[in-house]
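# Structural characterization, general
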Amino acid sequence: MDHLEATATETIGVDTTDTPDESHHRCDDAELARVLGGLAQNRVIPYYQPQVELGSGRVVGLEALARWICGTGEVFGPETFVPVLERHRRVTELTARMLDRAARDLSLWRDAGLVRTAFCLAINVSATELGDRRIVEVVDGTLDRHGLVGADLCLEITETAPIDDLEAATAVLTELRERVGVRIAIDDYGTGHATPTYLEHLPADIVKIDRSFVAAVRGRRSRSFICDTIARAAHRGMTVVAEGVERVEQLDDLLGLGCTVGQGFHIAVPTEHYPADLAVA
């Protein structure tokens, strides 16, 4: 976060008589205040990265990636501001803002004829949000406000924090999937907390293979993991999406292994606007 606001750390005085724990809490609270202030000032906006059919290049959806735009115009990724929101259980405030902006954009794109009906907008959701039905109300209200339906939206469960209560999370995701109609994806599969337990127990439609496996797709371990994931997903009727496709040979290898959908810099970099140069979904 110190990169986001160059002067922020200079204006926070830390009492040298504080214990290490007290000093840590002071800094953490100040960091949270800066992030919440940035949300209020609309400094966090979605950048969109296409998800495409690897064989045809047809756009089947977009992932809305949270980006912090600081006063100097520099752009920072979610690793600089999401962790403090997760620690303080305030990440739903970020999710609500991202959902609202992205849903508004999708509605405008559809009205302009840029996307057809069969198109999915993906939004990241922290595992820390899944123990609270508030996320259901946020999603339901946003869809209604922008004239969208559940099938227009995919919620990607990130691996940055563990699911504290798997039973409660399953109930929330089941309601989102079956009553609201949204799709559920397991993000960054194979890393962090996104383990096979998630794949076996969470009601999900999509599994996204982490970029680290895609980068090493020709290695024995990664290749075996990707093949196993594709087989597990097929057994459960799930779609597999490869993340971090950055070279043409990775795309070819993934197609050869049976993975048909992907995203990454080789396909398109994230941008604030709809990538009109790609094939219409």
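Throughout this description, residue numbers start from 1 for each chain and increase along the sequence as written. The predicted nature of this model means local features are confined to residues of pLDDT at least 70 and side-chain atom pairs, given and counted, to a pLDDT of 80 or more, with totals for whole chains, interfaces and linings taken over all residues. Just so you know, side-chain values use all the structure's heavy atoms and leave hydrogens and water out.

## Some remarks on the layout of surface pockets
Applicable threshold: Cavity: a set of points on a 1 Å grid over the protein atoms alone where a 1.4 Å probe fits but cannot get out. Pocket: an open set with protein on both sides within 12 Å along at least five of seven lines, its lining residues, like those of a cavity, having an atom within 4 Å of a point. Grid points are joined across faces, edges and corners, and a volume is the space filled by probe spheres set on the points. Helix and strand labels come from DSSP, where a helix needs a run of H or I of at least four residues and a strand needs a run of E of at least two; each type is numbered from the N terminus. Gly counts as polar in this scheme, as do all residues outside two lists: the nonpolar Ala, Val, Leu, Ile, Met, Phe, Trp, Tyr, Cys and Pro, and the charged Asp, Glu, Lys and Arg.
Roughly 640 Å³ of volume is contained in the largest pocket. Lining the largest pocket are 31 residues, and of these Leu 65, Pro 78, Asn 124, Thr 158 and Asp 187 sit closest to its centre. Among the elements of the structure, β2 (59–69), α2 (82–87), α3 (91–111), β4 (120–125) and β6 (183–189) are those that each provide at least two residues to the lining of the largest pocket. The greatest single-element share of the lining of the largest pocket, amounting to five residues, is contributed by β2. Approximately 240 Å³ is the volume found for the second largest pocket. Forming the walls of the second largest pocket are 15 residues, and the residues nearest its centre are Gln 51, Val 60, Cys 120, Arg 183 and Ile 206. Only β2, β4, β5 (153–157), β7 (206–209) and β8 (239–242) provide two or more residues apiece to the lining of the second largest pocket. Class assignment of the residues belonging to the lining of the second largest pocket gives a composition of nine nonpolar, three polar and three charged.

## Overview of the pairing of β4
The condition that has to hold: Each residue's exposure class comes from its accessible area (1.4 Å probe, protein chains only) as a fraction of the maximum for that residue type: buried when under 20%, exposed when over 50%, partly exposed otherwise. Should DSSP find at least two bridges between two strands, the strands are taken to pair.
Counting buried residues in β4 gives five out of six residues, a clear majority hidden from the surface. With four bridges connecting them, β2 and β4 associate as parallel partners. Of the residues in β4, the one forming a bridge with Gly 61 is Cys 120. Here β4 runs beside β5; their pairing, made up of five bridges, is parallel.

## Some words on the confidence of the model for the protein
The line we're drawing: pLDDT expresses how confident the predictor is about each individual residue, on a scale running from 0 to 100. Two residues qualify as a contact provided that any one of their heavy atoms is within 4.5 Å of a heavy atom in the partner residue.
With 89% of its residues at a pLDDT of 70 or more, the protein has an overall mean of 88. Under a pLDDT of 50 for its full length, residues 1–16 has, in the predicted model, 20 contacts with residues more than four places off or in other chains.

## Here's the deal with empty space enclosed by the protein
What the rule picks out here adds up to one cavity of 30 Å³ or more. By volume, the largest cavity is sized at about 30 Å³. Partitioning the lining of the largest cavity into residue classes produces six nonpolar, no polar and one charged.

## Overview of the nonpolar core
Across soluble globular proteins, nonpolar side chains show a tendency to be buried alongside one another. The criterion, for reference: Working definition of a nonpolar core: buried Ala, Val, Leu, Ile, Met, Phe, Trp, Tyr and Cys residues. They are joined through side-chain atoms within 4.5 Å.
Of all hydrophobic cores here, the largest spans 77 residues; its most connected members are Leu 94, Val 139, Leu 155, Leu 176, Val 182 and Leu 254. With eight residues, the single largest contributor to this core is α3. Counting residues in hydrophobic clusters, the runner-up holds seven residues, among them Ala 122, Ala 185, Ile 206 and Val 241.

## So, the pattern of salt bridges
The condition is simple: Any Lys or Arg side-chain nitrogen located within 4 Å of an Asp or Glu carboxyl oxygen qualifies as a salt bridge.
A complete count under the given rule lists 24 salt bridges for this structure. The salt bridge involving Arg 104 is made with Asp 105; its shortest N-O contact spans 3.2 Å. The residue Lys 208 makes a salt bridge to Glu 243 at a minimum N-O spacing of 3.7 Å. A residue pair is termed long-range when its members are at least 10 positions apart, and Lys 208 in strand β7 and Glu 243 in the loop between β8 and α9 (248–257) qualify at 35 residues. Through salt bridges with shared partners, a single ionic network connects Arg 133, Glu 137, Asp 140, Glu 175 and Arg 179.

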